[in-house]
Amino acid sequence: MPFGFFDKSSLAPALEARLKAWQALEPPALQLAHYQVRYLVLDLGGQGERQTLAALGVSRGRISGQDAFWLDLATAGAEQWLEWLEFMGKSPLVCHQAPLVGGLLEPLLKQALGLEFKPVWLDLAQLLPELFRDARIQGVRQDAWLRHFELELPQPGDSMAGVLAQARLLQRLLAAAKARGVDNPGALLDLARARRWLHGDA
């Protein structure tokens, strides 16, 4: 998808009103306990130029197949991106290697809606090694963590299977975090910042 400057006049008034309504939502309450928070797990998939984005909610520590969204990035326009934002709300976003995922989504949302997309990101690649140090898993390969927890590996390119796998990793992460007194999203962010400072993680 080619990138260019966003022409604000190209956004229909109804879509602009919906965008403003989303922007006006309260930011996530990062001090709420995990079981009070809806986390939204993301995964990118697809092959070649056909890339997809899957999202799956984890609320009260549970995965709900009803709380899911799928987007074809090759064809998504302003309407589809607004539907995705409305589905997301202001939930904290969880994925493996957040800088890569955010680096793809941010310019797409900028192009489609003129939006500076700066959500709260939680990165499994940073948090899992910190909460499961005994696993001694090196690098950031997600497959290694799935094997460690004896979870099914998704087929390459299948974003829906990938997001389910990551949601199951998040469930294990939240249980371990609670056991260590890392009780809320804000504490997870602090843990990730401390790891980046100590280890120089991206």
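Data block above holds the structure.
As the structure is a computational prediction, the values presented were derived from the model and not from experiment.

Peer 1: Please clarify how the overall build of the protein chain should be interpreted in this entry.
Peer 2: Looking only at helices and strands, the protein chain has seven helices and five strands in total. Mapped in sequence order, the helices and strands of the protein chain form the string α-β-β-β-α-β-α-β-α-α-α-α. Dimensions of the protein chain along its principal axes, counting C-alpha atoms only, are 55 × 40 × 35 Å. Within the span of the protein chain, comprising 202 residues, buried residues form 45% of the whole. Here the contacts in the protein chain between residues at least 6 apart in sequence split such that 66% fall between residues at least 24 apart. The positive charge centre, built from 21 side chains, and the negative charge centre, built from 22, are 6 Å apart in the protein chain.

Peer 1: Looking at this model, I keep getting lost on helix α4 (residues 124-131). Mind explaining?
Peer 2: Along an α-helix, residues three or four apart share an orientation, since each turn contains 3.6 residues. Of all eight residues that make up α4, eight are buried, and the element is covered over most of its length. For α4, the full list of buried residues reads Leu-124, Ala-125, Gln-126, Leu-127, Leu-128, Pro-129, Glu-130 and Leu-131. The opening residue of α4 is Asp-123, an N-cap whose side-chain oxygen sits 2.9 Å from the backbone nitrogen of Ala-125.

Peer 1: For this particular structure, what's the right way to read the packing of α4 against helix α6 (residues 159-179)?
Peer 2: Helices that pack against each other are described as a pair by the angle of their axes relative to one another and the distance between those axes. Closest axis-to-axis distance for the α4/α6 pair is 10 Å, and the angle between their directions is 40°. When the axes of α4 and α6 are compared, the pair comes out oblique. Our pair here, α4 against α6, has a crossing hand that is left-handed. Residues Leu-124, Leu-127, Leu-128 and Leu-131 of α4 form the contact with α6, whose own contacting residues are Gln-166, Leu-169, Leu-170, Leu-173, Ala-176 and Ala-177. When its residues are assigned to classes, the contact of α4 with α6 shows nine nonpolar, one polar and no charged.

Peer 1: Can you walk me through the pattern of salt bridges in this structure?
Peer 2: Proximity of charged atoms lets side chains of opposite charge pair with each other. Going through the model one piece at a time under the given rule, you end up with eleven salt bridges. Between Lys-118 and Glu-106 there is a salt bridge, with its nearest N and O atoms 3.7 Å apart. Of the two residues, Lys-118 is situated in the loop between α3 (98-113) and β5 (121-123) and Glu-106 in helix α3; the sequence distance between them amounts to twelve residues. Here the salt bridges do not stand alone but share partners, grouping Arg-18, Glu-79 and Glu-86 into one network.

Peer 1: Is there a simple way to explain unusual backbone geometry in this structure?
Peer 2: Backbone phi values are negative for most residues with the exception of glycine, while trans is the configuration of most peptide bonds. The residue Arg-136 is not glycine, and still its phi comes out positive at about 50°. The topology assignment puts Arg-136 in the loop between α4 and α5 (142-148). Residue Arg-136 is classed as exposed on the basis of its relative accessible area, which comes to 68%.

Peer 1: Whenever I open this one, the sheet that holds strand β3 (residues 62-72) confuses me. Can you help?
Peer 2: Within a beta sheet, neighbouring strands are joined by backbone hydrogen bonds and run either parallel or antiparallel to one another. The five strands are arranged β3-β2-β1-β4-β5 in an open sheet whose pairing can be described as mixed. Whereas interior strands pair on both sides, the edge strands pair on one side only; in this sheet they are β3 and β5. Geometrically, the sheet is characterised by an average inter-axis angle of 30° between neighbouring strands, direction not taken into account. With three bridges connecting them, strand β4 (residues 93-95) and β5 associate as parallel partners. By the bridge assignment for β5, Val-94 is matched with Leu-122. In this fold α6 packs onto β1 (38-47), β2 (50-59), β3 and β4, with an angle of close to 145° to the strand it touches most, β1.

Peer 1: Honestly, the packing of aromatic side chains in this entry has me stumped. Any pointers?
Peer 2: Aromatic ring pairs are defined here through the distance separating the ring centres and the angle between the ring planes. Scanning all chains against the criterion turns up six aromatic pairs. A ring pair is formed by Phe-132 and Phe-149, whose centres lie 5.0 Å apart and whose planes are at 75°; its orientation type is edge-to-face. A residue pair is termed long-range when its members are at least 10 positions apart, and Phe-132 in the loop between α4 and α5 and Phe-149 in the loop between α5 and α6 qualify at 17 residues. Residue classification places Phe-132 among the buried residues on the basis of a relative accessible area of 18%.

Rules used throughout
Residues numbered from 1 in each chain as written. Predicted model: local features only at pLDDT ≥ 70, side-chain atom pairs only at ≥ 80, totals over all residues. Heavy atoms only, no water. Helix = DSSP H or I, 4+ residues; strand = E, 2+ residues; numbered from the N terminus. Buried < 20%, exposed > 50% of the residue type's maximum accessible area, 1.4 Å probe, protein only. Contact = heavy atoms within 4.5 Å. Lys, Arg positive; Asp, Glu negative; His and termini not counted. Charge placed at Lys NZ, Arg CZ, Asp CG, Glu CD. Polar contact = N/O pair within 3.5 Å; in protein donor to acceptor, adjacent residues only side chain to side chain. Axes fitted to C-alpha atoms, helices over the stretch in contact; angles between N-to-C directions. Parallel < 35°, antiparallel > 145°, perpendicular 65-115°, else oblique. Left-handed = near helix turned anticlockwise from the far one by under 90°. Nonpolar A, V, L, I, M, F, W, Y, C, P; charged D, E, K, R; others polar. Salt bridge = Lys/Arg side-chain N within 4 Å of Asp/Glu carboxyl O. Pairing = 2+ DSSP bridges. Phe/Tyr/Trp six-rings, centres within 6.5 Å; stacked < 30°, edge-to-face > 60°.

Keep in mind these numbers describe shape, not what the thing actually does.
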